[in-house]
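One-letter residues, chain by chain:
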Amino acid sequence: PTILDDFGLDAALQVLTDGFSKRTGLNVKYKNDFGARLPDQTETSLYRIAQESFTNVARHSQATEVEVNVARQTHSVVMDIRDNGKGIDLTERRTKPGLGLVGIETRARGCGGTVKIDSKPGKGLRIEVTCPIAQ
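Residues numbered from 1 in each chain as written. Predicted model: local features only at pLDDT ≥ 70, side-chain atom pairs only at ≥ 80, totals over all residues. Heavy atoms only, no water.

(A) Just the nonpolar core, in detail. Counting residues in hydrophobic clusters, the biggest one holds 35 residues, and the most contacted among them are Leu13, Leu46, Val66, Val77 and Met79. When residues of this core are traced back to their parent elements, those giving at least two are helix H2 (9–24), strand E1 (27–32), helix H3 (40–61), strand E2 (65–73), strand E3 (76–83), helix H5 (99–110) and strand E5 (125–132). When residues in this core are grouped by element, the largest group, six residues, is from H3. Leu13 has contacts with Tyr30, Tyr47, Ala50, Val70 and Met79, leaving out every residue within four places of it along the chain. (Core = buried A, V, L, I, M, F, W, Y, C linked by side-chain atoms within 4.5 Å. Buried < 20%, exposed > 50% of the residue type's maximum accessible area, 1.4 Å probe, protein only. Helix = DSSP H or I, 4+ residues; strand = E, 2+ residues; numbered from the N terminus. Contact = heavy atoms within 4.5 Å.)

(B) Molecular detail of the packing of aromatic side chains. As enumerated under the stated definition, the model contains one aromatic pair in all. An angle of 10° between the planes, with centres 4.4 Å apart, marks the rings of Phe20 and Phe54 as stacked. Of this pair, Phe20 sits in helix H2 while Phe54 sits in helix H3, placing them 34 residues apart in sequence. Assessed through its relative accessible area of 3%, Phe20 is described here as buried. A relative accessible area of 3% means that Phe54 is categorised as buried. (Phe/Tyr/Trp six-rings, centres within 6.5 Å; stacked < 30°, edge-to-face > 60°.)

(C) Spotlight on the state of the cysteines. Evaluation of the coordinates by the stated rule reveals one disulfide. Here Cys111 is linked by a disulfide to Cys131, with a sulfur-sulfur distance of 1.9 Å. Between Cys111 and Cys131 the sulfur-sulfur dihedral comes to about -55°; the bridge is accordingly left-handed. Highlighted residues: Cys111 in the loop between H5 and strand E4 (114–119) and Cys131 in strand E5, separated in sequence by 20 residues. Overall, Cys131 belongs to the buried group, its relative accessible area being 0%. (Disulfide = S-S within 2.5 Å.)

(D) Region of the structure containing H3. Between its first and last C-alpha, H3 extends 30 Å over 22 residues, near the 32 Å set by a 1.5 Å rise per residue. Where H3 is concerned, the buried positions are Thr42, Glu43, Ser45, Leu46, Tyr47, Ile49, Ala50, Ser53, Phe54, Asn56, Val57 and Ser61. (Expected span 1.5 Å × (residues − 1).)

(E) Structural view of the packing of H2 against H3. At their nearest, the axes of H2 and H3 sit 10 Å apart, and the two run at 10° to each other. One finds that H2 runs roughly parallel with respect to H3. Of the residues in H3, those in contact with Leu9, Ala12, Leu13, Leu16, Thr17, Phe20 and Thr24 of H2 are Glu43, Leu46, Tyr47, Ala50, Gln51, Phe54, Val57 and Ala58. Residues that form the contact of H2 with H3 fall into these classes: eleven nonpolar, three polar and one charged. (Axes fitted to C-alpha atoms, helices over the stretch in contact; angles between N-to-C directions. Parallel < 35°, antiparallel > 145°, perpendicular 65-115°, else oblique. Nonpolar A, V, L, I, M, F, W, Y, C, P; charged D, E, K, R; others polar.)

(F) Seen up close, the side chain of Ser61. Within the element layout of this structure, Ser61 appears in helix H3. By relative accessible area, which is 8% here, Ser61 ends up buried. Looking at Ser61, its side chain comes within polar contact range of the main-chain oxygen of Val57, at 2.9 Å. Those residues in contact with Ser61, other than ones at most four positions away along the chain, are Asn56, Asp83, Gly85 and Lys86. (Polar contact = N/O pair within 3.5 Å; in protein donor to acceptor, adjacent residues only side chain to side chain.)

(G) Structural context of the sheet that holds E5. Spatially, the five strands line up as an open sheet ordered E1-E2-E3-E5-E4, and their pairing is mixed. Of all strands in the sheet, those bounded by a partner on one side alone are E1 and E4. The average undirected angle you get between the axes of adjacent strands in this sheet is 10°. Pairing between E2 and E3: eight bridges, direction antiparallel. The residue bridging Gln73 from the neighbouring strand is Ser76, located in E3. Against the sheet, H2 makes contact with E1, E2 and E3, and its axis sits at roughly 170° relative to E1, the strand it touches most. (Pairing = 2+ DSSP bridges.)

Given below as structure tokens:
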């Protein structure tokens with residue numbers, strides 16, 4: 001999106017989270033402790049991961065609340081997305097992966113990063129993406 005190109009990840013995620021909250025009626029909390037610009041590929045990957053995460057929340061989670069946090073670690077940026085929905089059985093996911101989570105993992109690798117997915121049935125879902133920051 002143009003806002004991502006013109007104003008960066010923080011502005012684009014703010015618009016994305018606000019729009020998602022208005023469309024779905026879900027309470028979305030957004031916090032960004034890392035306001036600097038990142039390489040284009042990293043910003044695009046993180047933005048698309050957030051989009052896909054929101055799509056999964058809307059389609060599958062039955063959540064009432066979503067939190068998105070972006071923060072800097074020493075040599076990386078971390079985006080943490082969590083919901084309070086029904087969660088998934090991660091052992092089942094390994095045998096029948098959904099395209100949404102596979103896409104998230106692929107996009108994380110595209111920025112040279114990693115993704116951790118944590119969930120238990122009835123306990124929501126957490127996706128943590130870590131992308132390195134070019135030195």
